[in-house]
Every structure is written in structure tokens, then in C-alpha cells.
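Descriptive structure summary
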Amino acid sequence: MPEILLTEPIADAGMELLRTAGEVRVAGVTDPAALAAGPLATADALVVRSSPVTAAMLEAAPRLRVVGRHGAGLDGIDLDAAQRLGIPVVSTPGANAESVAEFVVLAALTLARQLPPAVATLAGGGFPAGRSLPSSVVAAGLTGTMLAGRTLGLVGLGAIGRGVAARALGLGMTVLAFDVAAVAPPPGVRLAPLDEVLRSADVLSLHVPQTPQTAGLIGAAALASMPPGALLVNTARAGVVDNAAVLAALDAGRLRGYAVDVFAPEPPSPDDPLLHHPRVLATPHMAAMTSDALDAMAVAVARGVLDVLAKGRSL
């Protein structure tokens, strides 16, 4: 039976599926050097969650026939080394799309309605509510905005972007999208050049992988072109956004709020200024963390790995 090594456990449904076809071991470590030093020596398959897969790891695994990524992004995997060594890589695109799409809308609404300062104000003994909109509400920064009637800009129109679009349309938003691929937009969504999406977006949500082309895509120039008081949501990859430019735009008042679920490195330093800025909603890479999505990703990666072990296919 093939030996299937997991850096970390996945949901039970996926674990049980893997056990039907092989001997399953959980290394319990994600450090590339530690994995290359021993656990990979006898592995026929490797399944990782968000931890990296380096060339040294692949070269230390002479029996390795497939790498499975429990998630959609492959930027942490050395694909060049995998291709050179003839090791296919499978992932789970779309399996977490609905979970992440829900989270994006939650984050946008949280920022738009000023929920973090409202919770903090109430916990501190304040109760600035009432029909007359007292000055304390304005002073506390608790006057929010609705999303209905405003424009959502999507950078990336894959499965997650489409899920966000469907929910935004249901809220009464106008949706513009930019994608480098020649995709057909779903009903109600208009494709536009990136500069038009940036100029129009009251809420901008990012759904692209981190590549040399997307690194720093949302920097000072992009932020300056957005409407004053816009909101930014990043559930994609940390490197797509220039953090220093975002902090400067927040401090200058051009950007009203930033929801960020991804960091580099992970976990971030406790001193990371994004974690402490009053207009940043920072969460620990949890957009896909629902039991539904975890089950779907576990089953999808298990099936992909078993398919390669049973049949073999090229990268």
C-alpha cells in the first residue's frame, strides 16, 4: 500500500478516504527542513495545508508520486521543482469558494457598519444610540454606510469572485470585475479594465493568486485612484497588497477600512501595525474555515491524490 504523509490532519471525511487506499501518517510538523530530514523519505504522497513545499523537500522524497494541496493557491509550492522531478500537484479550487465568498461579504458589512468601534464603545460603557444621531455617534465614528446602491469592484473573477458577486448583487450593489483571463461574466456583472474597477469601487475585493504580475498590485497608485472613503478586502494573498501604502491611505483618510485575512509570514508578528490599526479588521486566515468548506477540501484533495496514485497523470 502507498504511504500517504500529511503535514497536518485534514477533516475526517478526507482522512477516511485516504485510508481506503494507503497507509496514512501525520507528520505533525510543517517546517520544510524537518520534513526533508526524515518523514518524506518513504512517502508516496504528500498532503499539505498552507505550509510550503520546497525543492529540497521534493528532492528528499525519492518515492514521491504526488503532492496534494488542501486549498486553492499553489504559490507556496515549488512548481518548477515538481515539474522537473515529474511530481504532479493537485489542489482543491472551488471547494472553499462559498465559505470565502460569505466571509468577504461579512467583512465588507463589518467595515461599512463600523462594527468593531461600536463593540468597543459599548464594552467601554458608551451607548451612543438614538434617532437623533447625537454628536457622540459621529465622534465615535459609528455612523456607517449601506452597501446597497454602491459599487463592488472584484479583482479576479474565479469561483470565489463569482460567489462574492452573487451575494453583492443580492444586496443591491453594482458589480464590476477585472480578470486577466478571458472569462465570461455572470449575469449582472460587467467586466472592465483594472483602472476603471479601481476608480469605481466603493468596496474592492481581491481574488487573485500571488504571482510576479500581482505582487504589490494594490499599492499607492492603485489606492490613490479609488474613491475617497473606499473599503478594501483581501482574502487572497498578502503580497498582492502593499501594506505600507494601505496604512498610509488609512491614516490619510483616503481608505476608510481594510479587512485582511492573509499575512506574510503567517502567523504575523504581534507588532504588525495592521493588527492594531483602528480601521483594520484583521483575522487569522479564517475565510475558508467552516466545517462545510473543510470537509469539501479534505474530500477533494484526497480524491485528487488517490486519482494520481491509481492512474498517474502529468503536472
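Residues numbered from 1 in each chain as written. Predicted model: local features only at pLDDT ≥ 70, side-chain atom pairs only at ≥ 80, totals over all residues. Heavy atoms only, no water.

**Quick look at a negative patch on the surface**
Taken together, the side chains of Asp12, Glu102, Asp292 and Asp295 present a region of like negative charge at the surface. The topology assignment puts Asp292 in helix 12 (residues 291-311). (Patch = residues over 30% accessible without salt bridge, like charges linked within 9 Å, V, L, I, M, F, W, Y side chains within 5 Å. Areas by Shrake-Rupley, 256 points an atom, 1.4 Å probe, with all protein chains shown as cover. Salt bridge = Lys/Arg side-chain N within 4 Å of Asp/Glu carboxyl O. Lys, Arg positive; Asp, Glu negative; His and termini not counted. Charge placed at Lys NZ, Arg CZ, Asp CG, Glu CD. Helix = DSSP H or I, 4+ residues; strand = E, 2+ residues; numbered from the N terminus.)

**What about the sheet that holds strand 7 (residues 174-178)?**
Hydrogen bonds along the backbone pair up the strands of a sheet, which may run parallel or antiparallel. Taken together, 7 strands build an open sheet; the order of strands is 8-7-6-9-10-11-12 and the sheet is parallel. Edge positions in the sheet fall to strand 8 (189-191) and strand 12 (280-282), since each of these pairs with one other strand and no more. Recorded for the sheet is a direction-independent mean angle of 15° between the axes of neighbouring strands. One ladder, built from 5 bridges, connects strand 6 (residues 151-155) with strand 7; its direction is parallel. Along strand 7, the bridge assignment pairs Leu152 with Val175. Strands strand 9 (203-206), strand 10 (230-234), strand 11 (255-260) and strand 12 of the sheet are contacted by helix 5 (residues 97-112), whose axis makes an angle of about 145° with strand 10. In the packing of helix 8 (residues 159-170) onto the sheet, the strands contacted are strand 6, strand 7 and strand 8, and the crossing angle to strand 6 comes to about 175°. (Pairing = 2+ DSSP bridges. Axes fitted to C-alpha atoms, helices over the stretch in contact; angles between N-to-C directions. Contact = heavy atoms within 4.5 Å.)

**Considerations on the pairing of strand 10**
With 5 of its 5 residues buried, strand 10 lies for the most part within the structure. Burial of strand 10 is two-sided: the residues Ala230, Leu232 and Asn234 facing one way and the residues Leu231 and Val233 facing the other way are all buried. The sheet contact formed by strand 9 and strand 10 spans 4 bridges and is parallel. In the sheet register, Ser205 faces strand 10, and the bridge partner there is Val233. After leaving strand 9, the chain enters helix 10 (residues 220-225) and then returns to the sheet as strand 10, a path that is right-handed. Direction of pairing for strand 10 relative to strand 11: parallel, over a ladder of 5 bridges. Counted as the bridge partner of Ala230 is Leu255 from strand 11. (Buried < 20%, exposed > 50% of the residue type's maximum accessible area, 1.4 Å probe, protein only. Right-handed = clockwise from strand over helix to strand, strands pointing away.)

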